[in-house]
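Reading the structure
Letter by letter, the chains look like this.
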Amino acid sequence: MGISPEQFRSALGRWPSGVSVVTSLADEPVGMTVSAFFSVSLVPPMIGVCLDQKSATLPVILATRAFGVSVLSTQQWALSERFASKVDEHLRFQGLALAVVPGARSPLLAGAVMHLDCQLEAAHEAGDHLLCVGSIQIALSHPGEPLLFHGSRYHSLSALGPQP
């Protein structure tokens with residue numbers, strides 16, 4: 001017995017996730033908001049990200065074999081919305097500040113708490129998404145608090161108990 005996409009989405013809404021924007025660059029920059037981003041390997045350093053097969057970003061990543069990940073800060077929830085919307089997708093980068101990261105092959109969003117520049121190593125079909133595995137070429141962390149998504153709303157962190 002299977003479940004509907006709506007039931008699955010509702011259940012997964014109980015799982016909090018960080019909010020990231022995955023980007024790439026061909027003739028023009030492309031990018032999309034993702035919550036399915038995770039660590040794959042420490043040695044060698046690798047991450048995974050799941051991308052909708054209908055996205056405009058995926059074909060560019062497959063062609064260039066490069067992508068960037070910007071983990072958004074709590075101040076950047078509007079960027080999450082901007083990169084998630086299908087409306088005016090070609091205007092997502094218009095007027096947007098990019099981070100200056102020497103050697104990065106993909107555009108990275110200024111103000112993010114973490115930047116990764118990745119080489120695509122593998123892509124695996126996973127239903128209506130493609131699981132992309134990338135080796136980390138550049139990793140930078142910055143001060144700030146990460147943006148979280150839970151229960152169809154944005155959240156920030158709050159520590160429980162004493163800090164170590």
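Treat the numbers as computed from the prediction; the structure is a model and nothing was measured. The residue numbering used here restarts from 1 in each chain and proceeds along that chain's sequence as written. Totals for whole chains, interfaces and linings use all residues, but because this is a predicted model, local features are given only for residues with pLDDT of at least 70 and pairs of side-chain atoms are given and counted only at 80 or more. To get the side-chain values, all heavy atoms of the structure are used, and hydrogens and water are removed first.

Detection works on a 1 Å grid of protein atoms alone, calling trapped sets that fit a 1.4 Å probe cavities and calling open sets with protein on both sides within 12 Å along at least five of seven lines pockets, with lining residues defined by an atom within 4 Å of a point. Grid points are joined across faces, edges and corners, and a volume is the space filled by probe spheres set on the points. Taken as a whole, the largest pocket encloses approximately 1,400 Å³ of empty space. If you go around the largest pocket, you meet 31 residues; those closest to its centre are Arg 9, Leu 12, Ser 35, Ala 36 and His 129. Helix and strand definitions follow DSSP, with helices as H or I runs of at least four residues and strands as E runs of at least two, each counted in order from the N terminus. Looking at the lining of the largest pocket, the elements that each hand over two or more residues are helix H1 (5–12), strand E3 (29–34), strand E5 (46–52), helix H3 (77–84) and strand E9 (148–150). Tallying contributions element by element places H1 first for the lining of the largest pocket, with five residues. Basically, the charged four are Asp, Glu, Lys and Arg, the nonpolar ten are Ala, Val, Leu, Ile, Met, Phe, Trp, Tyr, Cys and Pro, and anything else, Gly included, counts as polar. Across the lining of the largest pocket, the residue classes break down as 15 nonpolar, ten polar and six charged.

By secondary structure assignment, the location of Asp 52 is in strand E5. In the structure, Asp 52 is positioned 33 residues away from Val 19 in sequence and 16 Å away in space, judged by C-alpha atoms. Each polar contact in these results corresponds to two N or O atoms within 3.5 Å; when the atoms are within protein, one needs to be able to donate a hydrogen and the other to accept it, and residues that are neighboring in sequence are counted only if both atoms are side-chain atoms. At 2.8 Å, the side chain of Asp 52 forms a polar contact with the backbone nitrogen of Lys 54.

Let us look at the nonpolar core. As a rule of thumb, nonpolar side chains are buried together in soluble globular proteins. Counting 18 residues, the largest nonpolar core has Val 22, Ile 47, Val 49, Leu 51, Phe 67 and Val 69 as the members making the most contacts within it. For this core, the secondary-structure elements that each account for two or more residues are E3, E5, helix H2 (57–64), strand E6 (66–71), strand E7 (114–126) and strand E8 (129–141). Whether two residues are in contact is decided by their heavy atoms, any of which lying within 4.5 Å being enough. Leave out the neighbours within four places in its chain, and Val 69 touches Ser 20, Val 21, Val 22, Phe 37, Ile 47, Leu 108, Met 114, His 115 and Leu 116. Only buried residues count toward a nonpolar core, which is a set of Ala, Val, Leu, Ile, Met, Phe, Trp, Tyr and Cys residues joined through side-chain atoms within 4.5 Å. Burial classes follow relative accessibility: with a 1.4 Å probe on protein chains only, a residue under 20% of its type's maximum area counts as buried, one over 50% as exposed, and anything between as partly exposed.

Locating Thr 57 in the fold gives a position in helix H2. Overall, Thr 57 belongs to the buried group, its relative accessible area being 1%. Along the primary structure Thr 57 and Thr 23 are separated by 34 residues, whereas in three dimensions their C-alpha atoms are 7.0 Å apart.

What follows concerns a nonpolar patch on the surface. A grouping of Ile 3, Phe 8, Leu 12 and Trp 15 is seen on the molecular surface, where their side chains present a nonpolar patch of about 490 Å² in accessible area. Considering the arrangement of structural elements, one finds Leu 12 in helix H1. Patch definition: residues with relative accessible area over 30% and no salt bridge; like charges joined within 9 Å; nonpolar side chains (Val, Leu, Ile, Met, Phe, Trp, Tyr) joined within 5 Å. With residues, only the protein chains shown are counted as cover, and all accessible areas are computed by Shrake-Rupley using a 1.4 Å probe. By definition, a salt bridge exists where a carboxyl oxygen of Asp or Glu is found within 4 Å of a side-chain nitrogen of Lys or Arg.

It is worth spelling out the sheet that holds strand E4 (residues 37–41) at this point. With antiparallel pairing, seven strands are arranged side by side in an open sheet as E3-E2-E6-E7-E8-E5-E4. The two strands at the open ends of the sheet, each matched to only one other strand, are E3 and E4. Looking at each pair of strands side by side, their axes are set apart by 35 degrees on average, direction ignored. Paired strands, in this sense, are two strands between which DSSP finds at least two bridges. In this structure, E6 lies alongside E7, joined through six bridges in antiparallel fashion. In the sheet register, Phe 67 faces E7, and the bridge partner there is Cys 118. A fitted line through C-alpha atoms serves as each axis, taken over the contacting stretch for helices, and the angle formed by two N-to-C directions is quoted from 0 to 180°. Seen against the sheet, H2 touches strand E2 (20–25), E3, E5, E6, E7 and E8 and runs at an angle of roughly 55 degrees to E2. Running over the sheet, H3 touches E2 and E3 and is turned about 110 degrees from E3.

A few words on the sheet that holds strand E10 (residues 153–155). What links the strands of a sheet is backbone hydrogen bonding, and the strands pair in either a parallel or an antiparallel sense. Spatial ordering of the open sheet is given by E1-E9-E10, a layout of three strands whose pairing is antiparallel. Two strands in the sheet have a free side with no partner beyond their single neighbour: strand E1 (17–18) and E10. For E9 and E10, the ladder comprises three bridges, and the chain directions are antiparallel. Paired with His 150 across the two strands is Arg 153, which belongs to E10.

Below, the discussion takes up the packing of aromatic side chains. Two rings from Phe, Tyr or Trp (for Trp, the six-membered ring) form a pair when their centres are within 6.5 Å of each other. A pair whose planes differ by under 30 degrees is stacked, one over 60 is edge-to-face, and the rest are tilted. Applying the stated criterion across every chain, the model contains three aromatic pairs. Their ring planes at 85 degrees and their centres at 5.2 Å tell us that Phe 83 and Phe 93 sit as a pair that is edge-to-face. Of this pair, Phe 83 sits in helix H3 while Phe 93 sits in the loop between H3 and E7, placing them ten residues apart in sequence. In this structure, Phe 83 and Phe 93 share a single accessibility class: buried. When the centroid spacing of 5.2 Å and the interplanar angle of 65 degrees are considered together, the rings of Phe 149 and Tyr 154 count as edge-to-face. Put simply, the rings of Trp 77, Phe 149 and Tyr 154 touch in pairs and so form one group of aromatic residues.

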